[in-house]
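Read off the chains here:
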Amino acid sequence: MEEVTKKLNPSDVDRKLQLPENCLKNLPRGQETFLKIKDEDGIVWTFRCTIPPGGHSRPVLYGEWLLFVRQKGLKVGDIIVIVFNKQKARAAAADTSGDLFEIKVKKTRN
């Protein structure tokens, strides 16, 4: 399993989530795709993912992202962890119903 950890900034909680450049290898290829990401409560969210053109572009998540932020009560400084499960990815090559991504929330105390 691989994971991406991100401390949320104002843009992340108000508009869209910009992921670190180094997580491109964990995302499906293509300019734009829809990612199904399961949260800790078992709810599956559909985040729209845009990977801008260029070799060193940072992926951006939006779509249900803002709904996720509001429902989880996320604030600037909270941390999210997106986990990519390689084992499930291999199984999904034959069966696309597998969840490849999970998201965890670590709330900071203000």
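Check the entry above for the structure.
Counting from 1, residues in each chain are numbered in the order their sequence is written. Only residues with pLDDT of 70 or above have their local features reported here, since the model is predicted, and side-chain atom pairs are shown and tallied only from 80 upward, although totals for entire chains, interfaces and linings are computed over all residues. By convention in this description, side-chain values take in all heavy atoms of the structure and omit both hydrogens and water.

I tried to follow the sheet that holds strand β3 (residues 32-38) on my own but got confused; where do I start?
Sheet strands pair by backbone hydrogen bonding; their relative direction is either parallel or antiparallel. As summarised here, the arrangement of the seven strands in space is β1-β6-β7-β3-β4-β5-β2, forming an open sheet in which the pairing is mixed. In this open sheet, the two strands that pair with only one neighbour each are β1 (2-7) and β2 (17-18). At least two DSSP bridges between two strands are needed for those strands to be called paired. For helices the rule is a DSSP run of H or I covering at least 4 residues; for strands it is a run of E covering at least 2, with both sets numbered from the N terminus onward. Relative to strand β7 (residues 101-106), β3 is paired through two bridges, and the arrangement is parallel. Within β7, the position partnered with K38 by the bridge is E102. Most of the contacts of helix α2 (residues 65-72) go to strand β4 (residues 44-50), to which it runs at about 135 degrees, and overall it touches β2, β4, β5 (60-63), β6 (79-84) and β7. For this analysis, residues touch if any pair of their heavy atoms sits within 4.5 Å. With axes taken as lines fitted to C-alpha atoms, and helix axes fitted only over the stretch in contact, angles between N-to-C directions fall between 0 and 180 degrees.

Just to check I follow, could you spell out the packing of aromatic side chains for this structure?
The description of two aromatic rings rests on the distance between their centres and on the angle between their planes. Aromatic rings from Phe, Tyr and Trp, with only the six-membered ring used for Trp, were paired whenever their centres fell within 6.5 Å, and each pair was classed as stacked if the ring planes differed by under 30 degrees, edge-to-face if by over 60, and tilted otherwise. Scanning the model with the defined rule gives five aromatic pairs in all. Summarising the aromatic geometry, the rings of W45 and F68 are spaced 5.2 Å apart at their centres and angled 85 degrees between planes, so their arrangement reads as edge-to-face. Of this pair, W45 sits in strand β4 while F68 sits in helix α2; the two residues are 23 residues apart in sequence, bridging distant segments of the chain. Owing to a relative accessible area of 3%, W45 belongs among the buried residues under this scheme. Note on exposure labels: buried denotes an accessible area under 20% of the residue type's maximum, exposed denotes more than 50%, and partly exposed covers the range between, all computed with a 1.4 Å probe on protein chains only. The exposure class of F68 is buried, given its relative accessible area of 1%. Following the ring pairs from residue to residue traces out a cluster consisting of W45, F47, W65 and F68.

Mind showing me how you'd approach the pattern of salt bridges here?
Side chains that differ in charge, positive against negative, can pair when their charged atoms come close. The term salt bridge refers to a pairing of a side-chain nitrogen on Lys or Arg with a carboxyl oxygen on Asp or Glu at a separation within 4 Å. Counted by the stated rule, this structure contains three salt bridges. When the shortest N-O distance is used, the salt bridge between K72 and D41 registers 2.8 Å. Separated by 31 residues along the polypeptide, K72 in helix α2 and D41 in the loop between β3 and β4 bring together distant segments of the chain. Look at D41 and you get exposed, because its relative accessible area is 60%. Linked through salt bridges whose partners overlap, the residues forming this network are D39, D41 and K72.

Just to check I follow, could you spell out the environment of V69 for this structure?
With respect to the helices and strands, the residue V69 is situated in helix α2. Exposure remark for V69: the relative accessible area of 5% places this residue in the buried category. C-alpha of V69 to C-alpha of V13: the two residues are 56 residues apart in sequence and 6.3 Å apart in space. Not counting residues up to four positions away in its chain, the partners in contact with V69 are D12, V13 and L74.

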